[in-house]
Amino acid sequence: MGLFDGLPVPKDKEYLRDDLENVDESWTVARFDSLPHVVHILTSKDRDGEIQALKDQSDIVEEVVDEVVQTYHGGFNRAIQNYSQILRLFSESTQSVGKLKVDLGDAKRVISARNKQLHQLWYRSMTLRHIISLLDQIENIAQVPTRINKLIDENQLYAAVQVHVQSARMLEREGLQTVGALQDVRSELAKLRGVLFYKVLEALHAHLYNTGEYSSATPSMNEKDDAIPTTTVAAFSMNNSQSLSRRTRLVKGDSHVGASGFASSVDGGSSYDGHDDDDIHDGADNTGKDTKNIPRLPAWLSESTPDEFVETMRKSESPLHVKYLQTMVECLCMLDKVAAAGAIICQRLRPTIHETITSMIKAQAEYANYSRPGVGHAARTATTGLQYVKGQLQKEKHKNGTSLAGSLMAVSPVTPIMAPMGAAQCAAKELLDCVLDTIVRIFDNHVVVGELLESKSSQQTHMNPPKSKVGEMFGNPDSDASQATGGYTIGFSMTVLQSECQQLICEILRATPEAASADAAVQTARLASKGPSKEKRDKSEDGLTFAFRFTDASVPSQGADLIRQGRNRKGQNVQEGYGSASVLPEQGIYLAASVYRPVLQFTDKIASMLPQKYSQLGNDGLLAFLENFVKDHFLPTMFVDYRKGVQQAISSPAAFRPRANPAAAYTPSVSKGRPVLQGLLTIDFLAKEVLGWAQAMPKFSGDLVKYVQTFLERTYERCRASYTEAVLEKQSYMLIGRHDVENLMRRDPASAFLPTSLAHANADNHIADAETDGVELEISNLLMKLRPIKQESLIRDNNKLVLLASLSDSLEYIAESIERFGNSSAKASVQTESDVKPTPIHHKRNSSLPPKDLATFAEDYRKLAIDCLKVLRVEMQLETVFNMQVMATREYLEDQDAEEPDDYIISLITQITRRDEAIAPFIAPTKRNYVFGGICAVASHASIKALSDMKHINLFGVQQICRNTIALEQALSAIPSIDSESVQMRLDHVRTYYELLNMPVEALLAFITEHDRLFTAIEYYNLLKVQVPGREVPDDAKARMADILPI
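Remember, predicted model here, so these are calculated numbers, not experimental data.

With that settled, the discussion passes to the overall build of the protein. Counting its regular elements, the protein contains 38 helices and two strands. With 1047 residues in all, the protein has 48% of them scored as buried. Considering only contacts within the protein whose residues lie at least 6 apart along the sequence, 81% involve residues at least 24 apart. On the protein, roughly 53000 Å² of surface is accessible, and the fraction owed to carbon and sulfur atoms is 52%.

Turning our eyes to something else, we now look at the nonpolar core. Met697, Met950, Ile953 and Tyr994 are the most contacted members of the largest nonpolar core, which has 244 residues in total. The contacts of Met950, once residues within four sequence positions are left out, are Met887, Ala888, Arg890, Tyr892, Ile961, Tyr994 and Val1026. Counting five residues, the second largest nonpolar core, distinct from the first, contains Leu20, Ile60, Val64 and Val68.

Attention shifts here to helix α30 (residues 854-884). Over its 31 residues, α30 extends 45 Å from the first C-alpha to the last, a length consistent with the 45 Å expected when each residue adds 1.5 Å. Judged by how many residues are buried, α30 sits mostly within the fold: 26 of 31 residues are covered.

Once that is clear, we can look at the side chain of Glu812. Locating Glu812 in the fold gives a position in helix α29 (residues 798-831). What Glu812 contacts, discounting residues up to four positions off in sequence, is Pro755, Ala865 and Lys927.

Moving on, we get to helix α3 (residues 47-112). Between the first and last C-alpha of α3 there are 96 Å, a value that for 66 residues agrees with the 98 Å anticipated at 1.5 Å per step. Turning to α3, its buried residues number three or more, namely Ile60, Val64, Glu67 and Val68.

A few words on the environment of Lys699. As for its position among the elements, Lys699 is in the loop between α24 (678-696) and α25 (701-727). Taking C-alpha positions, Lys699 is 9.8 Å from Tyr596, a pair spaced 103 residues apart along the chain. Within the structure, the side chain of Lys699 is placed 2.8 Å from the side chain of Glu627, a separation counted as a polar contact.

Looking now at a nonpolar patch on the surface. On the surface, Leu128, Ile131, Ile132 and Leu135 cluster together to form a nonpolar patch covering roughly 370 Å² of accessible area. Mapping Ile132 onto the fold places it in helix α4 (residues 115-142).

Let us now look at the side chain of Ser806. Within the secondary structure, Ser806 is located in helix α29. In this structure Ser806 comes out as buried when scored by relative accessible area, which is 0%. Looking at Ser806, its side chain comes within polar contact range of the main-chain oxygen of Pro675, at 3.5 Å. Those residues in contact with Ser806 that lie beyond four places of it in its chain are Pro658, Pro675, Leu677 and Phe922.

This part is about the packing of aromatic side chains. One pass over the full model with this rule turns up 18 aromatic pairs. Between Tyr596 and Phe700 the ring centres are 5.9 Å apart and the planes differ by 70°, which places this aromatic pair in the edge-to-face class. With a gap of 104 residues between them, Tyr596 in helix α22 (residues 592-609) and Phe700 in the loop between α24 and α25 connect regions that are remote in the sequence. The pair Tyr596 / Phe700 is uniform in exposure class, with both members buried. When the ring of Tyr723 is compared with that of Tyr733, the centres are 5.9 Å apart and the planes differ by 75°; the resulting orientation is edge-to-face. Separated by ten residues along the polypeptide, Tyr723 in helix α25 and Tyr733 in helix α26 (residues 731-736) bring together distant segments of the chain. In this structure Tyr723 comes out as buried when scored by relative accessible area, which is 1%. Three or more aromatic residues link up through ring pairs in this structure, and these residues are Tyr590, Phe634, Tyr642 and Trp693.

Rules used in this analysis
Residues numbered from 1 in each chain as written. Predicted model: local features only at pLDDT ≥ 70, side-chain atom pairs only at ≥ 80, totals over all residues. Heavy atoms only, no water. Helix = DSSP H or I, 4+ residues; strand = E, 2+ residues; numbered from the N terminus. Buried < 20%, exposed > 50% of the residue type's maximum accessible area, 1.4 Å probe, protein only. Contact = heavy atoms within 4.5 Å. Areas by Shrake-Rupley, 256 points an atom, 1.4 Å probe, with all protein chains shown as cover. Core = buried A, V, L, I, M, F, W, Y, C linked by side-chain atoms within 4.5 Å. Expected span 1.5 Å × (residues − 1). Polar contact = N/O pair within 3.5 Å; in protein donor to acceptor, adjacent residues only side chain to side chain. Patch = residues over 30% accessible without salt bridge, like charges linked within 9 Å, V, L, I, M, F, W, Y side chains within 5 Å. Salt bridge = Lys/Arg side-chain N within 4 Å of Asp/Glu carboxyl O. Phe/Tyr/Trp six-rings, centres within 6.5 Å; stacked < 30°, edge-to-face > 60°.

Printed below as a string of C-alpha cells:
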C-alpha cells in the first residue's frame, strides 16, 4: 500500500509493513463508513473470529503509531534546541553592531578634521599618474617609425598598419596635440602612411596576379587545393579550376569584417607598441598541438595585435591566398585608401595583363625550344612543321608516280598544320587553355578584392548598398559606388580581362581590330552601322578588319583618367602584340575552331564566379564576340574556300579518271590502295575537314553540315554527269530505266550482291530455285527479243566500263563515309544546347524542294552506284546476246570434228576475259560476281533457244556446239568470284539438250517420258523440228510427243 510506504518503521520491525499491507483499503479512505463493517460482523457465521481479526489489526496500527510518535518526538526536541541557539546568536550580533556604530562615529569625527589635505594629496597623485602616462606614450610614439619600418621589412604589413593607425590616434588626443617634440613624429608617420600604402598595394597587386608569396599558383604553399605549376613553365589544366568558385564563396562568408575591428581594440586600452606573447604563441606556434582543432594563424599576422579581424582570419577556412587578399584590403581600409587603391589597380590592370600574357608566351616558346624532340609538338615553327608533313606525304606514292596525299593537300584550303587536328590547332588550343586558365585565376582574385572593396567603401561612407541593376552600376560613370572604389569594380576588371583576351585572339586569327573608342556611344553607333564584312580570306599578312567590342568607356572618370595615363605610359607595349607567332606554327582565321572551345569554357567559368548582381555581364562578352566573328567572317570565308576546293576537285581532268596502274587485286582499304576516284576521294577528304570544324564548334555544326550537303550535292551532280556521259544512248542504260526490267532485276537473286541500301527490297531474295530459273528465263527472253543487237548500241570501250566500275565503288565509299558523317554530326548536335538556334546558312541555292539530310545523300550516292553495277551487268548480258545471235543464223552441217570453238564464242570469251581483268581491281569480288554472274544464264538460254531458228544440224554440228559450251564454261569458271559449279550445271544442261539430237526418235520419246520436266515442251518440240541428217522422224512423232507433253 503506497499510503504507508514513508512511515519511519525500524529495521527490526519490518514485519509491521507486511502486516499493514494486509489491512483492507476501506479502512484508509477519507470518509470512513462503519456500517458495512458492522453488518458484515453481524451477518458473519464466526462473529468472534471476525472481531478477533479486527482487534489484531488494531494492535498492529497502535504499534506502528507508537513507533512513529517515538521517532518524530526526538526530531522535535532537536529542532527546539537549534531555534534557541539561533536566537542567542542574533542577540550577540545586535550587541556587536551597536559597538561598531560607536567606533564609526569616532572615525568620522577624526577624518573630517583632515579633509582638505587628503583631497589635495589625491589630486596630486592623479596628476602625476597622468603625466607619467603621457611621458610613456611620448617615448613609445617616438619609437613607432622604427618599429613600423621593422615590421615592413619583416612583411608584417597588417601589424605595421595597426601600429600606425593606433599611433595616429594617440597623436590626436588632447594631451599630445600641443607637444612640440612630436611634430617630427607626425611628419614621419605621414610619410610612413604613404610607404605603407604602396607596400600594401604592391603586395595586393602581386597576389592579384598570382605572383606573390602566398598566391594560389605558388606550388610551395600549403593549401587544400592541389599544387599547380607556375604559368611560366606549363599550361594550367582547365579542369582544376572548379575550386575557384568555392574560394569565392568562402570569401563572401568572411567579408563581413569591418574596419572597426581594430578600432575597438585601440579604444579598449590595448598596448600600441606591443602585444601579448602568449597570444602570439598560441596562434602561430602550434606545432605540438592538434592542428585540426586549433586553427593556425597565417604567418603574416604573427606580429599583429589580436583583434576581431585577426580572430576571424584564425577561424576562417578560406585558402591562404584569399586570406592574404582580405588582409591587404583590410589594411587599405584602415589607411582609408580604398579609392586611391582602386584607381591604381584600374591603371595597372591592362598593362599587367598584357605583360602576363606576353611573358607566358615567351616562357612557353623557350620551353618548347629547349624541350626534347617530340615534346611540345604544337610549338614547332611553321617551317619545321610543314617540312615534316611534306616528308610524310612524299612516302605515300602510288604506282603511277603521283602522290594522292599531295593532291589532297593541294586542294584543301588549309595546310595540314592548320587542319582541324593539325599542329597549329593543337598549339592554339594549348596556348589559349594556358592563358585563359591564368586569366580565370586572376579574375577569381579580382572578384574577391572587388567585393571586399565595395563592401568596405560602403561601410566607410555609410551609403546604401549598390543597385541591383548592372546597367546602372556600370553604365553611369558617376556611380557613387564606383567613385568610392576609385572606379574599380568587378565589371570593369572583367571587361578589361576579356578585352585583352580578345586582342590575343585577334592576333592568333590575324584579325586587325579597330582602335577602341573612348566614347561608348560612338563605339556602339559604329558597331550598329557597320555591316558584316564580305571580304574573302587573304593569305597575305593583311587580315580581317572588325570592330572592337570591349572598351574602357564604362570606367568612371577617375579610373578612366588613370587608365589613359597608363596607356600613354605603356602604349607601345600594347601595340607590339603578344608574340604568339613564336609558339604557333601558323596563324590565321581557321584557328577560330581551336579558339572556340577554350573561350566557351572560359565564359562558363567566368559566369559561375560572378556574383548574382553581375550575372548579366556574361551575356555580351568574349564568347559573343567570337560567335559573331565566326558567323560573320569565319563561316563565309570557309564556305568560299571549300567551295573553290570542291569545284577544283570535281572539275579536274583527273578527278573521274580511273587509276592507271591499280593493284592486282581489289582491296577494301583506301590506305592499302583501294582505287577510289581521285575527285571523290578529295571530296571525302574536304567533307571530313569541314565536319572536323563542326566538331570543334558544336553550335555552328548545323551550318557546317549544310555546307557539306551543298558540296555533296554538287559532287553528286558531277558524278551523275560522268555516269550519263558513259552510258548515254546505250541500250543497257535504257533497259535499266524500264519498269519491267527494274522489277525483274529486283526479283533477281543476284541483287543480294548489291549494296545494303536495298536490303528492304531484297528481303524476299530467299526464293525457290524454280522461281529463280523463272526470273532468269524472263530476263533472257526479254533480252532475246531485242535481237538483232547493233554494235553501236553497246559500250565497246572498256575504259568506260572501267570508269563505271570505279565510279560505282567510289560512290559506295562516299555513301559509307556520309553515313559516318551523319552519325558524328548527330552526336555533335546532341551536345549543342537545345536553345541555340542555328545561324542562317550563306550562299545557299533557291529551291522549292525540302532540304536533304546526310542520310538522303548517302542513299542517292548508293543508288547511283547500284545503277552503275546494273548497267555493267546488263551490258555483259547484252554483249553475250550480241555474240550469241550469230548462232541462230548459222547451219551446223560440219564435215569434220570440231577442234576450236566458233569465232563468236572466241570473241565473247576474249571480251569477258579482258573486261574481267580490267574491272577486277576496281570492284569488290561480290560486285564482280554480280556483273559477270548473268552471262552464263543468258548464254545457256540463248544456246537452247537458237535451235528453234536452225533448219539443219548434223552430228559434227552438235559437237561444235558442245565445244563452244566447254570453252565458255572454262572462261567463266576462270573468274574467281563466279560459282563454277553453277556455270558447269547450266552449260551441261545445254550439252545434254543438243546431245539429244544424236538419239533416234524412239529413244528421244522414251527419254522425254522419263524426263518430262528437264526441258520445256517447246524445247522438246524443237528437237523434232530441226532436220538432222540420218535421223528419221515418223509422221506420228509429234502426236506421240503431244501425248507425253501436251501443250
